[in-house]
Amino acid sequence: MELNDANLQTLTEYLQKTLNPDPLVRRPAEKFLESVEGNQNYPLLLLTALEKSQDEVIRVCAAVTFKNYIKRNWRIVEDEPNKISDPDRTAIKANIVNLMLTSPEQIQKQLSDAISIIGREDFPQKWPDLLTEMVTRFQSGDFHIINGVLRTAHSLFKRYRHEFKSNELWLEIKLVLDTFAQPLTELFKATIDLCQTHATDVNALKVLFSSLTLISKLFYSLNFQDLPEFFEDNMETWMTHFHNLLTLDNKLLQTDDEEEAGLLELLKSQICDNAALYAQKYDEEFQPYLPRFVTAIWNLLVTTGQEVKYDLLVSNAIQFLASVCERPHYKHLFEDQNTLTSICEKVIVPNMEFRSADEEAFEDNSEEYIIRDLEGSDIDTRRRAACDLVRGLCRFFEGPVTAIFSGYVNSMLTEYAKNPAVNWKHKDAAIYLVTSLASKAQTQKHGITQANELVNLSEFFVNHILTDLRSPNVNEFPVLKADAIKYVMTFRSQLPKEQLLETVPLLVAHLRAESTVQHTYAAHALERLFTMRGPSNSTLLSATEIAPFTEQLLNNLFNAMAIPGSSENEYIMKAIMRSFSLLQETIVPYVPTLIGQLTQKLLLVSKNPSKPHFNHYLFESLCLSIRITCKANPVSVGSFEEALFPVFTEILQSDVQEFVPYVFQVMSLLLEIHTSPIPSSYMALFPHLLQPILWERTGNIPPLVRLLQAYLEKGGATIANSAADKIPGLLGVFQKLIASKANDHQGFYLLNSIVEHMPPESITQYRKQIFILLFQRLQSSKTTKFIKSFLVFINLYCVKYGAIALQEIFDDIQPKMFGMVLEKIVIPEVQKVSGQVEKKICAVGITKILTECPSYSAPLVLQALIGLFELPEDDSIPDDEHFIDIEDTPGYQTAFSQLAFAGKKEHDPIGDAVNNPKILLAQSLHKLSTACPGRVPSMLSTSLNAEALQFLQGYLQAASVQLV
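Residues numbered from 1 in each chain as written. Predicted model: local features only at pLDDT ≥ 70, side-chain atom pairs only at ≥ 80, totals over all residues. Heavy atoms only, no water.

*Asks:* Looking at this model, I keep getting lost on the overall build of the protein. Mind explaining?
*Replies:* For the protein, the helix and strand inventory stands at 47 helices and two strands. Taking the principal axes of its C-alpha atoms as reference, the protein extends roughly 100 × 70 × 65 Å. Of all 964 residues assigned to the protein, the portion counted as buried reaches 53%. Sequence separation of 24 or more characterises 75% of the internal contacts of the protein that already satisfy a separation of 6 or more. In the form shown here, the protein has an accessible surface area of approximately 42500 Å², with 51% of it arising from carbon and sulfur atoms. Charge-centre separation for the protein: the mean point of 85 positive side chains lies 4 Å from the mean point of 115 negative side chains. (Helix = DSSP H or I, 4+ residues; strand = E, 2+ residues; numbered from the N terminus. Buried < 20%, exposed > 50% of the residue type's maximum accessible area, 1.4 Å probe, protein only. Contact = heavy atoms within 4.5 Å. Areas by Shrake-Rupley, 256 points an atom, 1.4 Å probe, with all protein chains shown as cover. Lys, Arg positive; Asp, Glu negative; His and termini not counted. Charge placed at Lys NZ, Arg CZ, Asp CG, Glu CD.)

*Asks:* When you look at the environment of K158 in this model, what are you seeing that I'm missing?
*Replies:* Relative to the helices and strands, K158 resides in the loop between helix 8 (143-157) and helix 9 (167-197). By relative accessible area, which is 39% here, K158 ends up partly exposed. Once the C-alpha coordinates of K158 and S116 are considered, the two residues, 42 residues apart in sequence, prove to be 9.9 Å apart.

*Asks:* I'm lost on the packing of helix 23 (residues 478-490) against helix 25 (residues 516-530) in this one. Help?
*Replies:* Relative orientation and spacing of two packed helices are given, respectively, by the angle between their axes and the distance between those axes. Across the interface, helix 23 lies against helix 25 with an axial gap of 9 Å and an inter-helix angle of 15°. As summarised for this structure, helix 23 and helix 25 are arranged roughly parallel, according to the angle between their axes. Of the two elements, helix 23 crosses helix 25, and the hand of that crossing is left-handed. Contacts from P478, K481, A482, I485, K486 and M489 in helix 23 reach V517, Q518, Y521, A522, H524, A525 and R528 in helix 25. Of the residues belonging to the contact of helix 23 with helix 25, the class tally is eight nonpolar, two polar and three charged. (Axes fitted to C-alpha atoms, helices over the stretch in contact; angles between N-to-C directions. Parallel < 35°, antiparallel > 145°, perpendicular 65-115°, else oblique. Left-handed = near helix turned anticlockwise from the far one by under 90°. Nonpolar A, V, L, I, M, F, W, Y, C, P; charged D, E, K, R; others polar.)

*Asks:* Would you mind going over the UniProt feature "domain: Importin N-terminal" (unreviewed entry) in the protein with me for this structure?
*Replies:* Following the UniProt record, one finds the feature "domain: Importin N-terminal" (unreviewed entry) at residues 29-102. Helix and strand shares over residues 29-102 are 73% and 0% respectively, and the end C-alpha atoms of the span are 29 Å apart. (UniProt positions renumbered as here; feature names shortened; annotations may be inferred.)

*Asks:* Explanation requested: the packing of aromatic side chains in the structure shown.
*Replies:* The relation between two aromatic rings is expressed through the spacing of the ring centres and the mutual angle of the planes. Taken as a whole, this structure holds 43 aromatic pairs when the rule is applied. Note on F219 and Y278: the rings are 5.5 Å apart at their centroids and 25° apart in plane angle, and the pair reads as stacked. Residue F219 is found in helix 10 (residues 202-224), and its partner Y278 is found in helix 13 (residues 263-281); the two are separated by 59 residues along the sequence. As far as burial versus exposure is concerned, F219 and Y278 are alike and both buried. The ring of Y432 carries the charged tip of R383 above its face, separated from the ring centre by 4.3 Å. Residue placement shows R767 over the ring face of Y801; its charged tip is 4.2 Å from the ring centre. (Phe/Tyr/Trp six-rings, centres within 6.5 Å; stacked < 30°, edge-to-face > 60°. Lys NZ or Arg CZ within 6 Å of the ring centre and 35° of its normal.)

*Asks:* Could you clarify how one ought to interpret a negative patch on the surface in this entry?
*Replies:* Taken together, the side chains of D256, D257, E258, E259, E260, E360, E363 and D364 define an acidic patch exposed on the protein surface. Summarising the element assignment, E258 is placed in the loop between helix 12 (235-247) and helix 13. On the accessibility criterion, E258 (51% relative accessible area) is exposed. (Patch = residues over 30% accessible without salt bridge, like charges linked within 9 Å, V, L, I, M, F, W, Y side chains within 5 Å. Salt bridge = Lys/Arg side-chain N within 4 Å of Asp/Glu carboxyl O.)

*Asks:* What's the story with unusual backbone geometry in this structure? I'm lost.
*Replies:* The linkage connecting F123 with the following residue, P124, adopts the cis geometry, with an omega of 0°. Structurally, P124 is set in the loop between helix 6 (105-122) and helix 7 (130-136). The backbone of N537 shows a phi angle near 65°, a positive value even though the residue is not glycine. With a relative accessible area of 56%, N537 lands in the exposed category.

*Asks:* For this particular structure, what's the right way to read the packing of helix 24 (residues 497-510) against helix 25?
*Replies:* Where helix 24 contacts helix 25, the two axes come as close as 9 Å, and the packing angle between them is 145°. Handedness of the crossing formed by helix 24 with helix 25: left-handed. Between helix 24 and helix 25, the contacting residues are L500, T503, V504, L507, V508 and H510 on the first element and Q518, H519, A522, A525, L526 and L529 on the second. Classifying every residue of the contact of helix 24 with helix 25 by side-chain character gives eight nonpolar, four polar and no charged.

*Asks:* Can you walk me through helix 37 (residues 744-757) in this structure?
*Replies:* An ideal rise of 1.5 Å per residue puts 20 Å on 14 residues; helix 37 measures up with 20 Å between its terminal C-alpha atoms. Within helix 37, twelve of the 14 residues are buried, which leaves the element mostly enclosed by the surrounding structure. Where helix 37 is concerned, the buried positions are D744, H745, Q746, G747, F748, L750, L751, N752, S753, I754, V755 and E756. Against the buried residues of helix 37 lie helix 35 (701-722), helix 36 (727-738), helix 38 (760-763), helix 39 (767-780) and helix 40 (784-801). (Expected span 1.5 Å × (residues − 1).)

*Asks:* Is there a simple way to explain the pattern of salt bridges in this structure?
*Replies:* Two side chains carrying opposite charge are able to pair once their charged atoms lie near each other. Inspection of the entire model under this criterion finds 41 salt bridges. Taking the shortest distance from any N to any O, the salt bridge between R120 and E163 comes out at 3.0 Å. Within this pair, whereas R120 is found in helix 6, its partner E163 is found in the loop between helix 8 and helix 9, the two being separated by 43 residues in sequence. On the basis of relative accessibility, which here comes to 41%, the residue R120 falls in the partly exposed class. What you see here is one network of salt bridges that share partners, running through R120, R159, E163 and E172.

*Asks:* It is not clear to me how the nonpolar core should be interpreted in this structure. Could you clarify?
*Replies:* Within soluble globular proteins, side chains that are nonpolar generally end up buried alongside one another. Ranked by size, the top nonpolar core spans 336 residues in total, and within it F180, F320 and Y711 carry the most contacts. At 15 residues, helix 20 (residues 382-418) tops the list of elements feeding residues into this core. The contact partners of F180, leaving out residues within four places of it in the chain, are L131, V135, F138, A153, F157, L218 and L222. (Core = buried A, V, L, I, M, F, W, Y, C linked by side-chain atoms within 4.5 Å.)

*Asks:* Honestly, the environment of T599 in this entry has me stumped. Any pointers?
*Replies:* The residue T599 is located in helix 29 (residues 591-606) in this model. The exposure class assigned to T599 is buried, which follows from its relative accessible area of 7%. Taking the C-alpha atoms as reference, T599 lies 34 Å from G534; in sequence the two are 65 residues apart. Ignoring any residue separated from it by four or fewer positions in sequence, one finds T599 in contact with A643, L644 and V647.

*Asks:* How should I be thinking about the confidence of the model for the protein in this particular structure?
*Replies:* Low pLDDT marks regions whose predicted coordinates should not be analysed in detail. Residues with a pLDDT of 70 or more make up 96% of the protein, whose mean pLDDT is 90. Taken as a whole, residues 879-894 scores under 50 in pLDDT and shows 36 contacts with residues more than four places along the chain or in a different chain. (pLDDT = per-residue confidence, 0-100.)

*Asks:* In this structure, what is going on with the side chain of S753? I would like to understand it.
*Replies:* Summarising the element assignment, S753 is placed in helix 37. The exposure class of S753 is buried, given its relative accessible area of 6%. Residues contacting S753, with those up to four places away along its chain left out, are Q709, L712 and M758.

*Asks:* I keep staring at the side chain of N556 and nothing clicks. Help me out?
*Replies:* Following the sequence through the fold, N556 ends up in helix 27 (residues 550-560). By relative accessible area, N556 is classed as buried at 4%. Discounting residues that sit within four places of it in the chain, N556 has contacts with V508, A509, L511 and R512.

*Asks:* I keep staring at the state of the cysteines and nothing clicks. Help me out?
*Replies:* Where two cysteines share a covalent bond between their sulfur atoms, that bond is called a disulfide. All told, the structure shown has zero disulfides when counted by the stated rule. Summary of cysteine pairing: C272 is not part of a disulfide, and the nearest cysteine sulfur, belonging to C325, is at 15 Å. Lacking any disulfide linkage, C853 is separated from the closest cysteine sulfur, that of C798, by 7.2 Å. (Disulfide = S-S within 2.5 Å.)

*Asks:* What is the right way to read helix 21 (residues 420-438) from this model?
*Replies:* Each α-helix turn comprises 3.6 residues. Residues three or four places apart therefore point the same way. Of all the bends in helix 21, the greatest measures close to 25° and is centred on H426. Within helix 21, 14 of the 19 residues are buried, which leaves the element mostly enclosed by the surrounding structure. (Bend = angle between axes of the 7 residues up to and from the residue.)

*Asks:* Please clarify how the environment of L644 should be interpreted in this entry.
*Replies:* Inspection of the secondary structure assignment puts L644 in helix 31 (residues 637-654). Remark: the alpha-carbon pair of L644 and V64, spanning 580 residues in sequence, is separated by 37 Å. Ignoring sequence-local partners within four residues, the contact set of L644 consists of T599, L622, I626 and V666.

Here's what the structure looks like:
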């Protein structure tokens with residue numbers, strides 16, 4: 001792909017088309033760009049378009065496309081082709097910093113992200129001059145350039161906040177500190193001086209304050225892992241300025257917008273974070289500065305208004321107090337009863353109130369509200385911060401704090417009772433207060449696991465929660481109803497079973513509520529209750545107890561998806577899945593109707609998949625319908641295929657990438673249920689499954705292998721008779737998989753199925769080539785995972801065709817190869833094999849080798865076999881060995897999501913033919929010894945160690961045989 005005007009023009013035209021709302025124009029353009037992105041110079045053409053185009057929209061589009069291209073392709077993965085040529089990589093790194101710094105802000109942000117993705121892989125080893133190139137730009141005095149550098153440094157260093165400690169990380173941070181800490185401190189001081197110089201110039205202040213916010217974020221990242229010596233030496237400079245900035249109130253920077261946080265709020269929020277970091281991690285060094293920060297932050301809290309724009313600032317300020325009050329040696333700051341009362345009155349209670357902004361979010365932006373409230377992403381909300389502060393204070397002052405709040409709760413509930421229609425927000429705050437007071441420890445799975453003994457949860461439930469749940473009008477006071485449902489969900493592990501059972505029909509009724517938050521919470525609460533474990537590991541609520549509500553439950557769940565705003569509500573779909581799973585055969589009468597609704601929904605979302613969790617639970621629900629119905633009546637598999645195949649065909653033809661792996665899993669499940677020969681509809685699809693393009697996507701590999709295994713299991717003979725020309729294609733797939741360290745085990749799954757299910761004569765001509773491929777891979781890169789799979793395969797081959805056949809094929813490739821494999825691989829490595837079925841295959845295969853080819857190192861082979869039976873599994877992995885996890889392979893490919901309810905039963909190819917491999921070994925040795933009396937016992941007594949002999953004696957006794 002030449003760097004010329006014609007190519008640039010073509011690229012620009014296709015970029016333009018990718019912005020077209022019409023999918024018939026957009027999709028082909030996206031496909032075209034995808035098809036040419038492997039060509040050399042493609043990224044450089046994108047950067048040229050970004051730099052030279054006259055059209056602003058095209059420039060931004062090129063920047064976004066470039067960033068996504070880097071995201072998908074920059075990382076070099078072992079066994080995978082390098083997707084960006086070396087000259088392109090060098091050219092990108094040589095030009096991108098300069099281009100980023102001279103671009104408008106919108107493009108600068110995209111390129112800054114691209115630099116941090118490249119830096120994640122290449123910095124510092126392969127891009128040593130990146131930092132020096134950036135730091136020199138601090139001297140430019142141009143804050144557009146300086147902020148570009150700071151933004152890029154922030155996206156590069158923020159990973160230090162969540163990386164695990166390692167030597168490599170320390171070395172990188174040290175290098176960064178050596179190059180960056182001093183210039184950053186100088187820039188910080190100079191910027192603060194400039195703020196004073198330009199104190200009356202609002203435009204200059206805006207730029208300078210955005211620089212200060214970025215500098216403060218960098219301070220947080222660079223100090224997160226440990227307290228660097230440089231920052232400890234310069235703590236006075238940083239903390240004095242931070243404290244001054246916290247107390248600064250510049251009227252010019254105050255904004256009229258009530259929603260959006262201004263620069264002043266963002267900077268102070270970050271400083272609160274920085275102070276909390278030091279108070280938590282470096283309290284000894286920070287002690288001299290702590291009192292003045294506590295005072296400044298306290299003043300900030302009592303003078304800041306209730307507007308939404310201050311939410312981040314207030315929550316970070318409260319989090320600072322929460323982190324301080326939890327530390328034993330700051331305890332004295334909070335001991336005084338007046339201080340506690342003051343904190344409760346002035347900070348906690350006001351920030352727990354349900355504001356009109358919260359009410360708006362509840363009604364008009366329910367999705368955002370639910371994510372914040374249910375999934376704990378409300379880290380930055382005032383309520384969550386106030387709740388954390390209550391927990392922090394309860395650590396040392398549980399009694400006094402509970403007493404103070406009990407008074408507040410009672411007075412709020414009294415206010416509510418006077419006039420519920422007007423004062424309902426008082427009850428909402430009371431419920432929230434009780435929840436934060438009572439919650440000591442919480443998990444996603446069980447809700448509250450440890451509660452404050454001073455709060456009677458059950459009594460509060462009966463007196464104040466049940467009344468809202470029982471209210472006949474489900475649409476009245478939706479916020480209080482949502483609070484009541486959330487209370488049940490939160491304290492489900494603390495409330496008695498009778499109370500939980502009592503809430504089930506009430507929650508089912510709330511699924512009809514018009515409020516999205518309310519019916520979502522009802523669905524989520526039911527789903528959580530259905531997963532609670534009771535005694536003896538069964539579910540706490542049994543299918544029999546829930547059965548009376550089945551019809552109402554299923555109707556209300558499916559109807560809830562028709563309520564505007566909930567057509568792809570993941571909580572409802574998850575509740576449908578969980579209800580199916582709990583009720584099992586109780587749902588069979590309803591499935592014919594439900595499967596139609598699920599299929600319709602699938603067709604609809606496949607046009608534009610946007611909710612991955614919803615889609616996942618939808619496929620899980622389909623699998624459950626199939627499994628539950630076909631368990632009772634296997635013949636009904638045909639009616640599922642009739643319903644689903646038209647939609648599946650459309651998904652496969654339109655290549656809906658997110659759904660293809662799911663479709664393969666559901667098809668495997670359907671095919672595995674068939675008892676008769678493989679249906680012709682499946683055979684028509686078989687050749688398409690071998691197309692190389694399908695195997696390019698990592699996410700397709702596990703489900704496709706499983707589907708091919710199902711084909712082989714149900715129709716090995718059919719494939720051999722009517723599709724013999726496809727066998728080379730099948731083996732081509734095996735060859736591709738076996739070459740990859742990430743997917744070689746999948747190649748073995750396929751190979752084992754071929755050996756087990758294909759008629760022997762259909763693969764005779766390919767056998768030698770299969771073994772040659774395996775030996776080539778053994779020579780080029782021998783990993784533990786490969787050896788384990790290889791051992792299982794050769795033993796399965798031995799079980800299927802006999803030890804002589806195995807010996808012949810080895811020795812045909814190279815004379816005496818069989819003996820070498822036994823000596824170098826089987827004897828030393830068999831201990832590494834894991835898994836019950838895998839060990840059984842190896843035991844039966846090795847027993848056959850012992851008895852059918854006894855001349856080969858028999859005592860050592862027997863010793864290894866007894867070791868496999870009796871010694872613990874050897875799970876050691878060589879130090880230098882590194883497996884790539886499939887998840888780590890970059891790229892836009894849909895990662896594979898395993899459907900739990902499409903699960904495959906573990907298959908034992910030997911089955912009942914051998915129940916106990918130890919008995920089989922004893923019987924086989926007995927048979928061998930009767931053929932040549934005297935030889936076996938004398939060989940064993942001279943070659944086996946005493947412990948192994950003792951074990952063997954035990955096997956012989958158990959089998960009631962002896963050696964002669």
